[in-house]
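So you can see what is in the structure, the chains are spelled out below.
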Amino acid sequence: MIGSKKRTAGSGSSAGSKRRRRTAGGDDGPSSKKQPSIRCEGAADGPWWSSAMDGWSLFKAFCDSTALHGLRYITAEGMPVAHRVVWVVTCFAGLFGAGWLIWSIWLRYHHSPTVTMVQDTSYPLYHIPFPAVTVCSVNKVLRAEAVNFVQEYTGKNGSDETAPYLAVVGALGLISYPTYHRPFQFLNYNMSGRPLMKDVNVTQLMLRVMPRCSDILVACFWKGMKINCCDTFRVQRTEEGFCYSFNSRTAERADGQPWIDDESQLLRNNAAGATTGLEVFFKGQEGQAIEGFDILRGVNVHVHHPDSFPDVAKGLFVPEAKTHVLMAQVSPSQTESTEEVRAIDLALRRCYFPGEGRVTGLPMAGGYQQDSCFMACRMHFLAAACNCTPYFFPRNIGVRECGAIDLECLSRNNAATRSNKPPRGTPGFHTDESALDCQCLPPCTETQYSVESNYIQTGNLELKSGDGYVDIFYKQMGGVRFMKDVMFGWMDLLVAFGGIAGLFLGFSLLSGAELVYWIFAGVAVCLRWRRERREKGTRALVRRSSWLLDIARVRGLTRTPSAEKRSPAANSAKDDFIAVNGVQQQITSVF
């Protein structure tokens, strides 16, 4: 009995040992189940395709566990080839669609990063300064003053002796943008006058011979009340010559300082309609011009921003006529930009915030204005082309003023001052066209005045003894306020890109982190396997990297050799295959 029990125990012990050996050695009995085994082909120095097979195993594991749409069907076990092809095409189509839409949104953001929206169509007028009004007589030289100057300069009284000098004075009075060619064409009839008066200060000369305020203005009314014209209209530099301005911060005193220092001193209006703004009646200029220069009589009226020099090419001409009035209806608008726009690169937003725009060579009482920038650009262009600037520009850039001898150069460069170069490659422009290269962007926050003019007949001029009449008023009781904001901020781009990627691919930030995680984890495991395989053997590595191998085993992505293809060497501890039975216990004990 005892011996029998011992034999039974011994036989049981022997059978248990055999079962453990069969299990450890991978020997499959008739009733034993197939166990999947895990192998890292790159662990040994195998052929080139072994690393590729490891990459495929990791890719299968990733596709089976990722949240990205459709990938699990590409690598699913037992999936027909045709079905795999359909899902590959579907996934690539989704990837292409998402990429195309994201690229379209990026281009839209890059080329049009800002959007201007209407914020208020009845913005109160009292928040907006009344525009500046500049009045320029067409005749810049009074004949009586010019004759007195020439007689003092030459010491001669005869008309034949002073005629060439009077022609030069008259030609200097014709200097004006954008018609710099006119004075040179006039002097072509009297070429002997061009070298004359080289030592004359043209600026002082033109200030002396210009019409006085009382020679141009008869009566002025502001908000229906009569005011003193010469107390409210100040001398103003323009590219047409010396003129007179109302409510302008660029008008100067004799010492060069602006008449209006503070914006709070600018006049404002809160009414709309005829005779509610500024009314000006002009005096006729008949018989006051130099003989031969009395071609056109009247005044040019310029409506512009109070902080800006007027753009004389946009002026309104008021002819001498007792029976007509020029009705100038002003529609103001304000544009304000948010601070988010400031963060956009200057090349994309294409506007200047305070402190960014620069105007050199011109006195600026207020902030940066685009019209003043273009005026300064033309001044610097003529200074470089002719080594001089016309008399109406200030003398603070170190260049002399142009005289009669320089009229030919001004005429030759007249066409270039009329336009600005567009970006290179813009259709409709020739590369050899002469033009300015001014970097004059508009302000990001600005006030604009749109003017509509009507020249109509009226019957009240004779009561005020005027030969010309202009009425400047607001067209409506409210202005328009615009707000410029970013079309796509970084938050908007993130939401747009994430929505498209989620719609087409099921992609999110966590999916991206998951993809990066699998890439780096797979590379790290294979590199560690290769290194530690040589140093400590395979079993030690299994315990360290069991988390990844366990995922691959559970997902059914490991390669298990069939029982009939196994060799007897599979039972060896040096074999590349590791039985899962027992490894699972090691994985559990480690984690």
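Residues numbered from 1 in each chain as written. Predicted model: local features only at pLDDT ≥ 70, side-chain atom pairs only at ≥ 80, totals over all residues. Heavy atoms only, no water.

### Notes on the side chain of Ser 337
- Looking at the secondary structure, you find Ser 337 in strand S10 (residues 324-337).
- Taking relative accessible area as the criterion, Ser 337 reaches 8% and is therefore assigned buried.
- For Ser 337, the side chain forms a polar contact with the main-chain oxygen of Cys 444, separated by 2.7 Å.
- Sequence-distant contacts of Ser 337, that is, excluding residues within four places in its chain, are made with Phe 353, Cys 444, Thr 445 and Lys 484. (Helix = DSSP H or I, 4+ residues; strand = E, 2+ residues; numbered from the N terminus. Buried < 20%, exposed > 50% of the residue type's maximum accessible area, 1.4 Å probe, protein only. Polar contact = N/O pair within 3.5 Å; in protein donor to acceptor, adjacent residues only side chain to side chain. Contact = heavy atoms within 4.5 Å.)

### With respect to the state of the cysteines
- Under the definition given, this model contains eight disulfides.
- Between the sulfur atoms of Cys 351 and its disulfide partner Cys 444 the distance amounts to 2.0 Å. Residues Cys 351 and Cys 444 are joined by a disulfide whose S-S torsion is about 90°; by sign, that bridge is right-handed. Of this pair, Cys 351 sits in the loop between helix H12 (346-349) and helix H13 (370-386) while Cys 444 sits in the loop between helix H14 (407-412) and strand S11 (446-457), and the two are 93 residues apart along the sequence. Across this residue pair, the class does not change: Cys 351 and Cys 444 are buried. (Disulfide = S-S within 2.5 Å.)

### Description of helix H4 (residues 81-111)
- Compared with the 45 Å implied by 1.5 Å per residue over 31 residues, the 45 Å span of H4 between its first and last C-alpha is a close match.
- Within the sequence span of H4, burial applies to Cys 91, Gly 94, Gly 97, Ala 98, Ile 105 and Tyr 109.
- Buried positions along H4 lie against helix H3 (71-74) and helix H15 (490-505). (Expected span 1.5 Å × (residues − 1).)

### Quick word on the pattern of salt bridges
- For the structure on display, the rule yields 13 salt bridges.
- Ionic pairing is found between Arg 297 and Glu 320, a salt bridge with its closest N-O pair at 3.3 Å. Of this pair, Arg 297 sits in the loop between strand S7 (278-282) and strand S8 (298-304) while Glu 320 is found in the loop between strand S9 (316-319) and S10, placing the two residues 23 residues apart along the sequence.
- The class of Glu 320 is partly exposed, set by a relative accessible area of 26%. (Salt bridge = Lys/Arg side-chain N within 4 Å of Asp/Glu carboxyl O.)

### A closer look at the packing of aromatic side chains
- On inspection of all chains with the given rule, the structure shows 13 aromatic pairs.
- Their ring planes at 35° and their centres at 5.7 Å tell us that Phe 233 and Phe 246 sit as a pair that is tilted. Of the two residues, Phe 233 sits in strand S5 (residues 233-238) while Phe 246 sits in strand S6 (residues 241-246), which places them 13 residues apart along the sequence.
- A network of ring pairs unites the aromatic residues Phe 130, Trp 222, Phe 233, Phe 246 and Tyr 474 as a single cluster.
- Geometry around Tyr 177 places Arg 378 over its ring, the cationic atom sitting 4.1 Å from the centre. (Phe/Tyr/Trp six-rings, centres within 6.5 Å; stacked < 30°, edge-to-face > 60°. Lys NZ or Arg CZ within 6 Å of the ring centre and 35° of its normal.)

### Overview of unusual backbone geometry
- At the junction of Tyr 177 and Pro 178, the peptide bond is cis and its omega measures out at 5° in the coordinates.
- The phi angle at Asn 387 is positive, at roughly 60°, despite the residue not being glycine.
- Among the secondary structure elements, Asn 387 is positioned in the loop between H13 and H14.

### Things to note about the packing of helix H5 (residues 143-154) against helix H6 (residues 159-173)
- One way to put it is that H5 packs onto H6 with a least axis distance of 10 Å and a crossing angle of 125°. Judged by the inter-axis angle, H5 sits oblique to H6. Viewed along their axes, H5 and H6 form a crossing whose handedness is right-handed. Contacts from Ala 146, Val 147, Val 150, Tyr 153 and Thr 154 of H5 reach H6 at Thr 162, Tyr 165, Leu 166 and Val 169.
- Class assignment for the residues of the contact of H5 with H6 results in seven nonpolar, two polar and no charged. (Axes fitted to C-alpha atoms, helices over the stretch in contact; angles between N-to-C directions. Parallel < 35°, antiparallel > 145°, perpendicular 65-115°, else oblique. Left-handed = near helix turned anticlockwise from the far one by under 90°. Nonpolar A, V, L, I, M, F, W, Y, C, P; charged D, E, K, R; others polar.)

### Comments concerning the nonpolar core
- Counting 82 residues, the largest nonpolar core has Leu 205, Met 206, Leu 217, Phe 233, Phe 282 and Ile 472 as its most contacted members.
- For this core, the leading source of residues is H13, giving seven residues.
- In contact with Phe 282, other than residues within four places in its own chain, are Val 135, Ile 216, Leu 217, Val 218, Val 299, Val 301, Val 318, Gly 466, Asp 467, Gly 468, Tyr 469 and Val 470. (Core = buried A, V, L, I, M, F, W, Y, C linked by side-chain atoms within 4.5 Å.)

### Side note on the confidence of the model for the protein chain
- Summarising the model, the protein chain shows a mean pLDDT of 79, and 76% of its residues fall at 70 or more.
- Here residues 539-545 is modelled with pLDDT under 50, and outside its nearest four sequence neighbours on either side it reaches 15 contacts, counting other chains as well.
- Residue range residues 555-591 is modelled with pLDDT below 50. Its contacts to residues more than four positions away, or to other chains, number 63 contacts. (pLDDT = per-residue confidence, 0-100.)

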